[in-house]
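Next come the chains, spelled out residue by residue.
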Amino acid sequence: MKIRRPWLPRTRAGRRRAVQVLVALCVLALLPATWLYLTTAGRLRTTADVPRTEVAVVFGAGLWDGEPSPYLAHRLDAAADLYRAGRIKVVLVTGDNSREDYDEPDAMRAYLARHGVPRGRVVTDYAGFDTWDSCVRAKKIFGVDRAVLISQGFHIRRAVALCQAAGVTSYGVGVADKHDVTWYYGGTREVFAAGKAALDALFRPDPTFLGPKEQGITKALAGARD
């Protein structure tokens, strides 16, 4: 079978225009990632130097046989470290519970309880179907105005940028993980997710499920002060 050569402009002016179009497309593709870096400048910290904040938000990252995946467990470990160090008072765990047989938030709460965080200090958001939904719900449903966000390094900039856009003053803790297949997949996925994040921040759509306001954070903080 004869392989066709890709079509190329025949004239010098045509080739110049083709290069200009290609450069413009590359610039457009990089704009969302550039926005993420500019928006989150100075807002990424470690568990040792993140500002003391009442609330930490941990984003779901999948379950294995009903238990947090290794990546999610590392996020929860960081939250438990911050709680034991007195840098946070309450943890909001946000994830997917769209099916009866899949419950990220309750699995996250149980994990934190086994690692020294009292259940009364963990608040569950069962409709955190994506990062934007989690950020909007943290603000509108749970009344979070300021938070430490915890995720993997490849995701944390997007989380901080979206929560900032949703009205939550945020600092991010990027959890380190070995660079395995999952890590590279996550990093590659973020290149495309940055575009959706920019659109979410620009148009600010309602989350998949909003619902009434909840007092979980307020009650947990009141208990922490007693």
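Summarised in this report is the structure supplied together with it.

Conventions used here
- Sequence positions are assigned chain by chain, starting from 1 and proceeding in written order.
- It should be noted that, the model being predicted, local features are given only for residues of pLDDT at least 70 and side-chain atom pairs only at 80 or more, the latter also being counted only at that level, while totals for whole chains, interfaces and linings use all residues.
- Processing note: side-chain calculations cover all non-hydrogen atoms of the structure and skip hydrogens and water entirely.
- Whenever a helix is involved, its axis is fitted only over the stretch in contact; in every case the axis is a line through C-alpha atoms, and angles between N-to-C directions fall within 0 to 180 degrees.
- Helix and strand assignments come from DSSP, with helices taken as H or I runs of at least 4 residues and strands as E runs of at least 2, each series counted from the N terminus.
- An angle counts as roughly parallel when it lies under 35 degrees, as roughly antiparallel when it exceeds 145, as roughly perpendicular when it falls between 65 and 115, and as oblique in every other case.
- Crossing handedness: left-handed means the near helix sits turned counterclockwise from the far one by under a right angle, and right-handed means the same turn made clockwise.
- Whether two residues are in contact is decided by their heavy atoms: any pair within 4.5 Å suffices.
- Each residue is assigned to one class: nonpolar for Ala, Val, Leu, Ile, Met, Phe, Trp, Tyr, Cys and Pro, charged for Asp, Glu, Lys and Arg, and polar for all the others, Gly among them.
- One fewer than the residue count of a helix, multiplied by 1.5 Å, yields its expected span.
- Exposure is judged per residue with a 1.4 Å probe applied to protein chains only, and the accessible area is read against the type maximum: over 50% gives exposed, under 20% gives buried, and values in between give partly exposed.
- Disulfide assignment relies on a single distance test, namely cysteine sulfur atoms paired within 2.5 Å.
- Take a side-chain nitrogen of Lys or Arg and a carboxyl oxygen of Asp or Glu: if they are within 4 Å of each other, that pair is a salt bridge.
- Classification of ring pairs uses Phe, Tyr and Trp, with its six-membered ring standing for Trp, and accepts pairs whose centres are within 6.5 Å; under 30 degrees between planes counts as stacked, over 60 as edge-to-face, and the remaining range as tilted.
- The criterion is that NZ of a Lys, or CZ of an Arg, lies within 6 Å of the ring centre and within 35 degrees of the ring normal, and then a charge sits over that ring.
- Paired strands, in this sense, are two strands between which DSSP finds at least two bridges.
- Residues belong to one nonpolar core when they are buried, are Ala, Val, Leu, Ile, Met, Phe, Trp, Tyr or Cys, and are joined through side-chain atoms within 4.5 Å.
- The term polar contact refers here to a pair of N or O atoms within 3.5 Å; inside protein, the definition further demands a hydrogen-donor-capable atom paired with an acceptor-capable atom, and it admits residues adjacent in sequence only when both atoms are side-chain atoms.

**A look at the packing of helix H4 (residues 131-140) against helix H5 (residues 153-165)**
Packing of H4 against H5 brings their axes to within 9 Å, and their N-to-C directions diverge by 40°. Comparing their axes, H5 and H4 come out oblique. When you trace H4 past H5, the crossing you get is right-handed. Along the contact surface, H4 presents Thr-131, Trp-132 and Cys-135, while H5 presents His-155, Arg-158, Ala-159, Leu-162, Cys-163 and Ala-165. Each residue belonging to the contact of H4 with H5 can be placed in one class, and the counts come to 6 nonpolar, 2 polar and 1 charged.

**Some points on H5**
Over its 13 residues, H5 extends 19 Å from the first C-alpha to the last, a length consistent with the 18 Å expected when each residue adds 1.5 Å. Here H5 lies mainly inside the structure; 10 of its 13 residues are buried. Phe-154, His-155, Ile-156, Arg-158, Ala-159, Val-160, Ala-161, Leu-162, Cys-163 and Ala-165 are the residues of H5 that are buried.

**As for the state of the cysteines**
Taken as a whole and judged by the stated rule, the model has 1 disulfide. Covalent S-S linkage joins Cys-135 and Cys-163, the inter-sulfur distance amounting to 2.2 Å. Judged by the torsion about the S-S bond (-85°), the Cys-135/Cys-163 disulfide is left-handed. With Cys-135 in helix H4 and Cys-163 in helix H5, the pair connects residues that are 28 residues apart, well separated along the chain. Here Cys-135 and Cys-163 have matching classes, each one buried.

**Considering the pattern of salt bridges**
What the rule picks out here adds up to 8 salt bridges. For Arg-84, the salt bridge goes to Asp-81, with nearest N and O atoms at 2.5 Å. Here Arg-84 and its partner Asp-81 are both found in helix H2 (residues 70-84), 3 residues apart, which amounts to about one turn of the helix. Within this structure, Asp-130, Lys-196 and Asp-200 form a network of salt bridges that share partners.

**Focus on the packing of aromatic side chains**
Under the counting rule described, the total for this entry stands at 1 aromatic pair. A cation over an aromatic ring shows up here: Arg-43 above the ring of Tyr-171, its NZ or CZ 4.9 Å from the ring centre.

**Points about the sheet that holds strand E5 (residues 90-94)**
With parallel pairing, the 6 strands of this open sheet are ordered in space as E1-E8-E7-E2-E5-E6. One side of each edge strand has no neighbouring strand; the edge strands of this open sheet are strand E1 (44-45) and strand E6 (122-125). Where E1 lies against strand E8 (residues 169-175), 2 bridges are found, and the strand directions are parallel. In the sheet register, Arg-45 faces E8, and the bridge partner there is Val-173. Packing against the sheet, H2 makes contact with strand E2 (55-59), E5, strand E7 (146-152) and E8, and its axis sits at approximately 145° to E7. The strands touched by helix H7 (residues 216-225) are E2, E5 and E6; relative to E5, the strand with the most contacts, the crossing angle is about 155°.

**Concerning the nonpolar core**
Grouped together as the largest cluster of nonpolar side chains are 28 residues, with contacts concentrated most on Leu-92, Val-144, Leu-149 and Ile-217. When residues of this core are traced back to their parent elements, those giving at least two are E2, E5, H4, E7, H5, helix H6 (181-203) and H7. Excluding residues within four positions of it along the chain, Ile-217 makes contact with Val-55, Val-90, Leu-92, Val-123, Phe-142 and Val-144. In this structure, Val-50, Met-108, Val-148 and Val-175 belong to the second largest nonpolar core, which totals 26 residues.

**Some remarks on helix H3 (residues 104-114)**
Along H3, the residues classified as buried are Glu-104, Pro-105, Ala-107, Met-108, Ala-110, Tyr-111 and Leu-112. As for H3, its buried residues are in contact with E2, strand E3 (63-64), strand E4 (67-68), H2, E5 and E6. Backbone nitrogen of Asp-106 and a side-chain oxygen of the N-cap are separated by 3.1 Å at the start of H3; the cap is Asp-103. Two residues or fewer past H3, Gly-116 is found with a positive phi of approximately 95°.

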